Amino acid sequence: MVIAWVDLLIEGDSHPRRFDSYATLRAYVLKLERLSEDAADELMVAGVVRPPLARREYRIQRLPLPDANGAD
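Let us look at the structure shown here. (Residues numbered from 1 in each chain as written. Predicted model: local features only at pLDDT ≥ 70, side-chain atom pairs only at ≥ 80, totals over all residues. Heavy atoms only, no water.)

## Looking at the pairing of strand S4 (residues 58-62)
Then, in step 1: Summarising the sheet, strand S1 (residues 6-10) and S4 pair through five bridges and their orientation is antiparallel. Bridging from a neighbouring strand, Asp 7 pairs with Gln 61 of S4.
Then, in step 2: Strand direction decides the pairing type here: strand S3 (residues 48-49) and S4, joined by two bridges, are antiparallel. Within S4, the position partnered with Val 48 by the bridge is Arg 59. (Pairing = 2+ DSSP bridges. Helix = DSSP H or I, 4+ residues; strand = E, 2+ residues; numbered from the N terminus.)

## Here we look at unusual backbone geometry
Then, in step 1: Following Pro 51, the chain continues into Pro 52 via a peptide bond in cis, with omega recorded as 10 degrees.
Then, in step 2: Inspection of the secondary structure assignment puts Pro 52 in the loop between S3 and S4.
Then, in step 3: Phi angles above zero are rare outside glycine, and Arg 34 is one such case at about 55 degrees.
Then, in step 4: Relative to the elements of secondary structure, Arg 34 occurs in the loop between helix H1 (22-31) and helix H2 (37-46).

## Observations concerning the packing of aromatic side chains
Then, in step 1: Applying the stated criterion across every chain, the model contains one aromatic pair.
Then, in step 2: Ring centres of Phe 19 and Tyr 28 lie 5.1 Å apart, and the angle between their planes is 55 degrees; this geometry places the pair in the tilted category.
Then, in step 3: By relative accessible area, Phe 19 is classed as buried at 8%.
Then, in step 4: Assessed through its relative accessible area of 16%, Tyr 28 is described here as buried. (Phe/Tyr/Trp six-rings, centres within 6.5 Å; stacked < 30°, edge-to-face > 60°. Buried < 20%, exposed > 50% of the residue type's maximum accessible area, 1.4 Å probe, protein only.)

## Digging into the pattern of salt bridges
Then, in step 1: On inspection of all chains with the given rule, the structure shows eight salt bridges.
Then, in step 2: Each of Arg 26, Glu 37 and Asp 41 takes part in one network of salt bridges that share partners. (Salt bridge = Lys/Arg side-chain N within 4 Å of Asp/Glu carboxyl O.)

Spelled out as structure tokens, the structure:
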């Protein structure tokens, strides 16, 4: 099974957080980043949420899937 990894980039933090699904990412931003439901929804739909909906900018970056032929 191939996982479509997703990175969360947070304004002011040079280290992205990596997630194995959008559901895991959404749970993280709701609980640990304390985004509102509206801000989390905006992030999931638009791929970015900024003030005033969130206290700082959050962006999603989807990582490319590995080559199906096994080449690196």
